[in-house]
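Below are the chains, spelled out letter by letter.
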Amino acid sequence: MLILIKNVYVNGKRQDILIEDNIIKKIGEIKKEEEMEIIDGTKKIAIPGLINTHTHIPMTLFRGVADDLPLMEWLNNHIWKMEAKLNEEIVYWGTLLGCVEMIKTGTTTFNDMYFFLEGIAKAVDESGMRAVLAYGMIDLFDEEKREKEIKNAEKYINYIKDLNNRRITPALGPHAPYTCSKELLLEVNKLAKKYKIPIHIHMNETLDEIKMIKEKFGKEPFLYLNEFGFFDGVDVIAAHCVHLSEEEIKIIKEKNISVSHNPISNLKLASGIAPIPKLLNEGINTTLGTDGCGSNNNLNLFEEIKCSAILHKGTTLDPTIVKAEEAFNFATKNGAKALNVKAGDIREGYLADLVLINVNKPQLRPISNIKSHLVYSFNGCVDDVIIDGKIVMREGDIITLDEEEIYEKAEEMYAILSA
Ligand SMILES: C[C@H]1O[C@@H](n2cnc3c(N)ncnc32)[C@H](O)[C@@H]1O
Ligand SMILES: [Zn+2]
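None of the values given here were measured: they were computed from a predicted structure.

### Regarding the UniProt feature "binding site: Zn(2+)" (unreviewed entry) in the protein
Working step 1: Sites flagged by UniProt as "binding site: Zn(2+)" (unreviewed entry) map to His54, His56, His202 and Asp291. On the basis of their most widely separated C-alpha atoms, the annotated residues across 238 residues gather in one place, lying no more than 11.7 Å apart.
Working step 2: Judged by relative accessible area, His56 falls into the buried class, the value being 8%.
Working step 3: Excluding its chain neighbours within four sequence positions, the residues that come into contact with His56 are Asp112, Met113, Tyr114, His202, Asp291 and Gly292.
Working step 4: Examined against the element boundaries, His202 turns out to sit in strand S10 (residues 199-203).
Working step 5: Given a relative accessible area of 4%, His202 falls into the buried group.
Working step 6: Contact partners of His202, with chain neighbours within four places excluded, come to His54, His56, Met113, Pro174, His175, Ala176, Pro177, Ala239, His240 and Asp291.
Working step 7: Polar contacts involving the side chain of His202 include one to the side chain of His54, which spans 3.1 Å.

### Thoughts on the coordination of the zinc ion (ligand 2)
Working step 1: Within the protein, the zinc ion (ligand 2) binds to His54 (NE2), His56 (NE2), His202 (NE2) and Asp291 (OD); these donor distances fall in the range 2.1 to 2.2 Å.
Working step 2: Around the zinc ion (ligand 2) sit 4 donor atoms, and with donor-metal-donor angles ranging over 90 to 169 degrees the site reads as irregular.
Working step 3: Within one chain, the residues serving as donors to the zinc ion (ligand 2) are arranged as H-x1-H-x145-H-x88-D.
Working step 4: Of the residues examined, His54 reaches a relative accessible area of 0% and is grouped as buried.

### Regarding the environment of Lys194
Working step 1: Within the secondary structure, Lys194 is located in helix H5 (residues 182-195).
Working step 2: As for Lys194 and Gln15, which are separated by 179 residues in sequence, their C-alpha atoms are 44 Å apart.
Working step 3: Looking at Lys194, its side chain comes within polar contact range of the side chain of Tyr195, at 3.5 Å.

What counts, and where the lines are drawn
- Residues numbered from 1 in each chain as written.
- Chains lettered and ligands numbered in written order.
- Predicted model: local features only at pLDDT ≥ 70, side-chain atom pairs only at ≥ 80, totals over all residues.
- Heavy atoms only, no water.
- UniProt positions renumbered as here; feature names shortened; annotations may be inferred.
- Buried < 20%, exposed > 50% of the residue type's maximum accessible area, 1.4 Å probe, protein only.
- Contact = heavy atoms within 4.5 Å.
- Helix = DSSP H or I, 4+ residues; strand = E, 2+ residues; numbered from the N terminus.
- Polar contact = N/O pair within 3.5 Å; in protein donor to acceptor, adjacent residues only side chain to side chain.
- Donors = N, O, S within 2.8 Å, 3.2 Å for Na, K, Ca; no water.
- Tetrahedral: all angles 85-135°; square planar, octahedral: opposite > 155°, others 65-115°.

Quick look at the structure:
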């Protein structure tokens, strides 16, 4: 299957992009040939598909359910109660709703931690998206639960590997140090090495949890986990990292941990503001996540890009902090590095995960500085999306999914959850 995008604005100039199977084959001057599917890029710009490194995708169904609450109250009194009613079908439709929302706003890959992964994987496969899926493990320091969680995690790793779908890969998802015992975390490190897959974990989101960990284990979360070798020999994506001591930042740097910065979720839950300028100074790989729709409440990664570019100017009173290019890299190149996918950039030999945006939009005019507009002005409504070399959306219409049906089913699923 050959796709030729003609005369599109990419990497700073108008040129052609040839896609063969799921790879960007050539960028430059390319002659049309018979068996090519041609996309006219004349009025369009091409960007790499965005990469969301922290989601709980089925939580689209929890949108607006419990606003204006702090994390622990939100989780304990609302979210975890509703999650007790989840099943595979509810998770399947919630994921499809999330895929519609992500594709429409230019996200092509997401890094998810949730439950009933059969439902998530089925929806991702049908949508055409790329995803790293982790089963959210929570043992609440109980031995029986721990055995069950470890069994479930390994079951899902093998389930996803057996799908043999190059767009869907497994990860391990120990929820957080305040919900997972040391024994479980040690087992997770072992499994990550055994299967050569990354670990996705919530770290240092709120002052409450840090106080809890310090009281229980006598030190801050990263120091506590590092002491028993949790970060050794594995790839870790740490979501949030809002409240960090200097020693913890040193561990993140030394252990090559990727941080998923979720500025909007952190603000909405009043968790705080992550010390991103310090992480950037240390060369720490900083990426972007939306978290779930219960604490954002959307999946538009362009909003996280803009927020990450202006928020830290405000906290430091330094307008040069987090420039447009850096913020855009959080959601593309850095995300690809964190998830170890050869995407996040439009280059020959890279995965054909790319997005086309028609510039006939007021917030992209005048076409003076595209990168600035994409970060500080664009509202995220993209036009065409290609993932793994397949056209998933054309001129705003998703080809792989039935939007109307998904909107209907989302109402039905919400009615079950909220009953
Ligand atoms: C995978 C688990 O993580 C929970 N979850 C969702 N959002 C957050 C957050 N900001 N912090 C911690 N846990 C969260 C989900 O509700 C689910 O229980
Ligand atoms: Zn989360």
